[in-house]
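Examining the three-dimensional arrangement
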Amino acid sequence: MRRGLFITIEGPDGSGKSTQIQEITEFFRKRGEPVIVTREPGGTPISEKIREIILDRNHREMDPVTETLLYAASRAQHVAEVIRPALEDGSHVVCDRFIDSSIAYQGYGRGLGDCVSIINAYAVRDCVPDLTFLMKLDPGIGKSRIKKEEQDRIEMENAEFHERVFQGYEELELQFPDRIVGIDAGREVEAIREEILQRIERLLQR
Ligand SMILES: Nc1ncnc2c1ncn2[C@@H]1O[C@H](COP(=O)(O)OP(=O)(O)OP(=O)(O)O)[C@@H](O)[C@H]1O
Ligand SMILES: [Mg+2]
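Structural notes, computed from the coordinates. (Residues numbered from 1 in each chain as written. Chains lettered and ligands numbered in written order. Predicted model: local features only at pLDDT ≥ 70, side-chain atom pairs only at ≥ 80, totals over all residues. Heavy atoms only, no water.)

1. Regarding the environment of proline 129
Along the chain, proline 129 falls in the loop between helix 5 (115-124) and strand 4 (131-136). It is 20 Å that separates the C-alpha atoms of proline 129 and threonine 19, two residues lying 110 residues apart in sequence. (Helix = DSSP H or I, 4+ residues; strand = E, 2+ residues; numbered from the N terminus.)

Written out as structure tokens, the structure is:
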């Protein structure tokens with residue numbers, strides 16, 4: 001039985017991830033192929049509870065290592081309970097943020113470095129995305145698209161933090177050129193959609 005495609009979307013807050021996920025989902029539905037859409041941190045009842053702990057604006061004292069382990073714990077449950085079973089069942093999976101977010105935000109943003117990849121290798125095992133779209137947009141522009149009162153604990157971090165995260169993403173793009181596709185997210189929704197769907201079609205033809 002053919003395994004489904006595992007596609008993840010990455011990038012700064014407000015860079016258009018959710019907008020393009022809707023387009024990708026629509027694309028698979030029109031083809032009559034099963035697809036599930038999910039997000040991180042979250043995607044299962046246990047993972048959503050962990051998400052609440054991570055993103056709570058009152059948890060200002062959270063240690064970066066605690067933060068990293070909570071993201072990884074949430075991800076392990078998500079992979080085991082939702083992502084792996086769906087892929088094995090032949091469904092495509094589109095996930096809003098995944099392992100690259102941890103490497104960018106905790107590895108580069110918090111400065112924890114390589115330990116983030118090592119911790120996450122346990123959470124993910126062989127469940128690595130087939131294709132990752134990196135929505136490349138200046139973090140300041142992304143932030144300006146989101147309402148201040150709706151910002152979570154990570155979104156509230158200062159501009160320097162978000163710059164380091166973006167540099168982390170750019171490093172990842174260089175490190176994994178076969179998997180990560182950088183997308184100029186400063187363009188119109190329609191142009192971005194066309195580029196993303198072309199890449200997916202190319203992968204489906206293989
Ligand atoms: N290409 C685009 N050009 C201009 N505005 C856009 C574009 N794509 C999305 N937007 C708008 O920017 C805002 C943020 O988009 P979206 O919610 O898709 O981003 P996101 O990356 O999912 O954000 P978050 O990190 O908050 O989940 C929305 O109001 C959306 O309508
Ligand atoms: Mg979103």
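2. Quick notes on the site of ligand 1
In the region of ligand 1, 15 residues are neighbours, and Gly14, Lys17, Ser18, Thr19 and Arg187 sit closest. Between glycine 14 and ligand 1, the recorded distance is 3.0 Å, taken from a backbone N or O atom to an oxygen atom. In the model, a nitrogen atom of ligand 1 is placed 3.3 Å from a nitrogen or oxygen of the arginine 145 side chain. Summarising the interface, the protein chains cover 65% of the accessible area of ligand 1, which totals 630 Å² for the free molecule. Only helix 1 (17-30) and helix 8 (189-205) provide two or more residues apiece to the shell around ligand 1. With 3 residues, helix 1 is the single largest residue contributor to the shell around ligand 1. The residue makeup of the shell around ligand 1, split by class, is 4 nonpolar, 5 polar and 6 charged. (Near = heavy atom within 4 Å. Polar contact = N/O pair within 3.5 Å; in protein donor to acceptor, adjacent residues only side chain to side chain. Areas by Shrake-Rupley, 256 points an atom, 1.4 Å probe, with all protein chains shown as cover. Nonpolar A, V, L, I, M, F, W, Y, C, P; charged D, E, K, R; others polar.)

3. What about the nonpolar core?
Within soluble globular proteins, side chains that are nonpolar tend to cluster in buried spots. In this structure, Phe6, Ile83, Phe98, Tyr105, Cys127 and Tyr169 are the most contacted members of the largest nonpolar core, which totals 28 residues. Secondary structure elements with two or more residues in this core: helix 2 (45-55), helix 3 (64-88), strand 3 (92-96), helix 4 (99-109), helix 5 and helix 7 (159-175). It is helix 3 that provides the largest number of residues to this core, a total of 6 residues. Sequence-distant contacts of phenylalanine 6, defined by excluding residues within four places in its chain, comprise Ile83, Leu87, Val93, Cys95, Phe98, Cys127, Val128, Pro129, Asp130 and Leu131. Ranked by size, the runner-up nonpolar core spans 22 residues in total, among them Leu5, Phe133, Ala185 and Leu197. (Core = buried A, V, L, I, M, F, W, Y, C linked by side-chain atoms within 4.5 Å. Buried < 20%, exposed > 50% of the residue type's maximum accessible area, 1.4 Å probe, protein only. Contact = heavy atoms within 4.5 Å.)

4. Looking at the pairing of strand 3
With respect to burial, strand 3 is a largely interior element, 5 of its 5 residues being buried. Residue alternation in strand 3 divides its side chains into two sets, His92, Val94 and Asp96 and Val93 and Cys95, and both sets are buried. Bridge count between strand 1 (residues 6-10) and strand 3: 4 bridges; the pairing is parallel. The partner of isoleucine 9 across the bridge, within strand 3, is aspartate 96. As judged from the 5 bridges shared by strand 2 (residues 35-39) and strand 3, these two strands associate in the parallel manner. Along strand 3, the bridge assignment pairs arginine 39 with aspartate 96. (Pairing = 2+ DSSP bridges.)

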